[in-house]
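Remarks on the overall topology
Here are the chains, one letter per residue:
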Amino acid sequence: MLRNNSDKTLRPITSAEVETHSSENDAWLIIDGYVHNITQFLSEHPGGKEIVLPYLGKDATQIFSSETEHAHSQAAYTILKKYRIGVLDGKTTTDRVAGSEYLAGLVDVKKAMVPQVWRLGDNYQKWIHTQTGLEKIIIFDNFLEKLSRWPWYYIFFMWLPVITYLLYLSIFVNNVTVVRAFSFWVAGILIWAGVEYYLHRFIFHVQTSSPVGNLFHFFIHGIHHITPTDSTRLTFPPFF
């Protein structure tokens, strides 16, 4: 028997056994010499399960670690580690998340995040990019915590009336033609899609180390990094 650095017993598994687990309902694959059962994770894969299906029952190390075809962050390796069930018999393993336990220990996830993130300094970027997959976190230690949780669909109730009213003003008050009004509406959606891309590409991934900078990054994108499946944290709260 072997043990990983989470002290979880891992058994030797042959390639032949891995090949028998190659369906959506029974999904195993090999990465870095470790065997993973990702059946429960398939539907949660950010890129969709379709991109993973061809590699079920196989060694996916090359595609998973490729910088050109499908690069994965350190956080992705941290998530993957949770699904380890064994080691490929006779295969040398590579643990790409060694040391992440130290970074995880820098923050107590059972306590409010804001004061802890404020004190992280240079360790913040290392911490935020290795810790992920938490179901829920506590951000504030006061009444703001409740205000920070909203269902994702609130944005429709908030913005659809505004959009409808503006369209009404355009068409019925300012006498803009229906075609022109909706053309501007479609153009707005396309422009925002481009703005959002550049925000994500250049602002959401900005490197920070100061207390204010770390909190700024934490609120605009860091929360999504560490708790991507919390449905109450998918959108920015209207009160902030």
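You'll find the structure just up there.
What this report covers is the structure whose coordinates are included nearby.

So, how was this worked out
- Numbers given for residues are sequential positions, taken from 1 along each chain in its written order.
- Given that the model is predicted, a residue must reach a pLDDT of at least 70 before its local features are reported, and side-chain atom pairs must reach 80 or more before they are shown or counted; all residues, however, enter totals for whole chains, interfaces and linings.
- Water and hydrogen atoms were dropped before computing side-chain values, which therefore reflect all heavy atoms in the structure.
- Working definition: helices are DSSP H or I runs of at least four residues, strands are E runs of at least two. Numbering for both runs from the N terminus.
- The span expected for a helix works out to 1.5 Å for each residue beyond the first.
- When a residue's accessible area, from a 1.4 Å probe over protein chains only, is under 20% of the maximum for its type it is buried; when over 50% it is exposed; and in between it is partly exposed.
- The rule for a salt bridge is simple: a side-chain nitrogen of Lys or Arg has to be within 4 Å of a carboxyl oxygen of Asp or Glu.
- To obtain an axis, a line is fitted to C-alpha atoms, over the contacting stretch when the element is a helix, and the angle between two such axes runs from 0 to 180 degrees between their N-to-C directions.
- Working rule for handedness: look at the near helix, and if it is turned counterclockwise from the far one by less than a right angle, call the crossing left-handed; if clockwise, right-handed.
- Whether two residues touch is decided by their heavy atoms; if any such pair falls within 4.5 Å, the residues are in contact.
- Three residue categories are used. Nonpolar comprises Ala, Val, Leu, Ile, Met, Phe, Trp, Tyr, Cys and Pro, charged comprises Asp, Glu, Lys and Arg, and polar comprises the others, including Gly.
- Just so you know how the angles are binned, under 35 degrees is roughly parallel, over 145 roughly antiparallel, 65 to 115 roughly perpendicular, and the rest oblique.
- The criterion for an aromatic pair is that two Phe, Tyr or Trp rings (for Trp, the six-membered ring) have centres within 6.5 Å, with stacked assigned to planes under 30 degrees apart, edge-to-face to planes over 60 apart and tilted to the rest.
- Should the NZ of a Lys or the CZ of an Arg lie within 6 Å of a ring centre and within 35 degrees of the ring normal, that charge is described as sitting over the ring.

1. What to know about helix α10 (residues 211-226)
Counted at 1.5 Å a residue, the expected span for α10 with its 16 residues is 22 Å, but the 18 Å between its end C-alpha atoms falls short. Of all the positions in α10, only Gly 213, Asn 214, Leu 215, His 217, Phe 218, His 221, Gly 222, Ile 223, His 225 and Ile 226 are classed as buried.

2. Considering the pattern of salt bridges
Taken as a whole and assessed by the stated rule, the structure comprises seven salt bridges. Note that Arg 11 and Glu 17 form a salt bridge whose closest N and O atoms lie 2.7 Å from each other. The exposure class of Arg 11 is partly exposed, given its relative accessible area of 33%. The exposure class assigned to Glu 17 is partly exposed, which follows from its relative accessible area of 25%. Note that Lys 136 and Asp 230 form a salt bridge whose closest N and O atoms lie 3.7 Å from each other.

3. Quick notes on unusual backbone geometry
For Asp 32, which is not glycine, the phi dihedral falls at a positive 60 degrees. With respect to the element layout, Asp 32 can be found in the loop between β4 (26-31) and β5 (34-37). With relative accessibility at 8%, the residue Asp 32 sits in the buried group. One non-glycine residue, Asn 175, lies in positive phi territory at about 60 degrees. Topologically, Asn 175 is positioned in the loop between α8 (154-173) and α9 (178-203).

4. Overview of the packing of α8 against α9
Remark: α8 packs on α9, axes separated minimally by 9 Å, with the N-to-C direction vectors making an angle of 145 degrees. Once α8 is placed against α9, the crossing between them reads as right-handed. Two secondary-structure elements touch here, α8 through Ile 163, Leu 167, Ser 170 and Ile 171 and α9 through Val 178, Ala 181, Phe 182 and Trp 185. When grouped by side-chain class, the residues that make up the contact of α8 with α9 number seven nonpolar, one polar and no charged.

5. A short note on the packing of helix α5 (residues 113-120) against α10
Contact geometry for α5 and α10: axes closest at 9 Å, N-to-C directions at 125 degrees. What the angle tells us is that α5 and α10 run oblique. In the packing of α5 onto α10, the handedness of the crossing is right-handed. Across the interface between the two elements, Met 113, Val 114, Val 117 and Trp 118 from α5 touch Pro 211, Val 212, Asn 214, Leu 215, Phe 218, Phe 219 and Ile 226 from α10.

6. Concerning the packing of aromatic side chains
For the structure shown, the criterion picks out 13 aromatic pairs. Taking 5.0 Å as the distance between ring centres and 80 degrees as the angle between the ring planes, the aromatic pair formed by Phe 64 and Tyr 77 counts as edge-to-face. With Phe 64 in helix α2 (residues 61-65) and Tyr 77 in helix α3 (residues 74-81), this pair connects stretches of sequence that are 13 residues apart. The pair formed by Phe 64 and Tyr 77 is uniform in burial state, with each residue classed as buried. Note on Phe 140 and Phe 219: the rings are 5.8 Å apart at their centroids and 20 degrees apart in plane angle, and the pair reads as stacked. With Phe 140 in the loop between α6 (123-128) and α7 (144-147) and Phe 219 in helix α10, this residue pair connects regions lying 79 residues apart in the sequence. On the accessibility criterion, Phe 140 (12% relative accessible area) is buried. Members of the aromatic cluster, joined through ring pairs, are Trp 152, Tyr 153, Phe 156 and Phe 157. Positioned over the ring face of Tyr 34 is Arg 84, at 3.7 Å from the centre of the ring.

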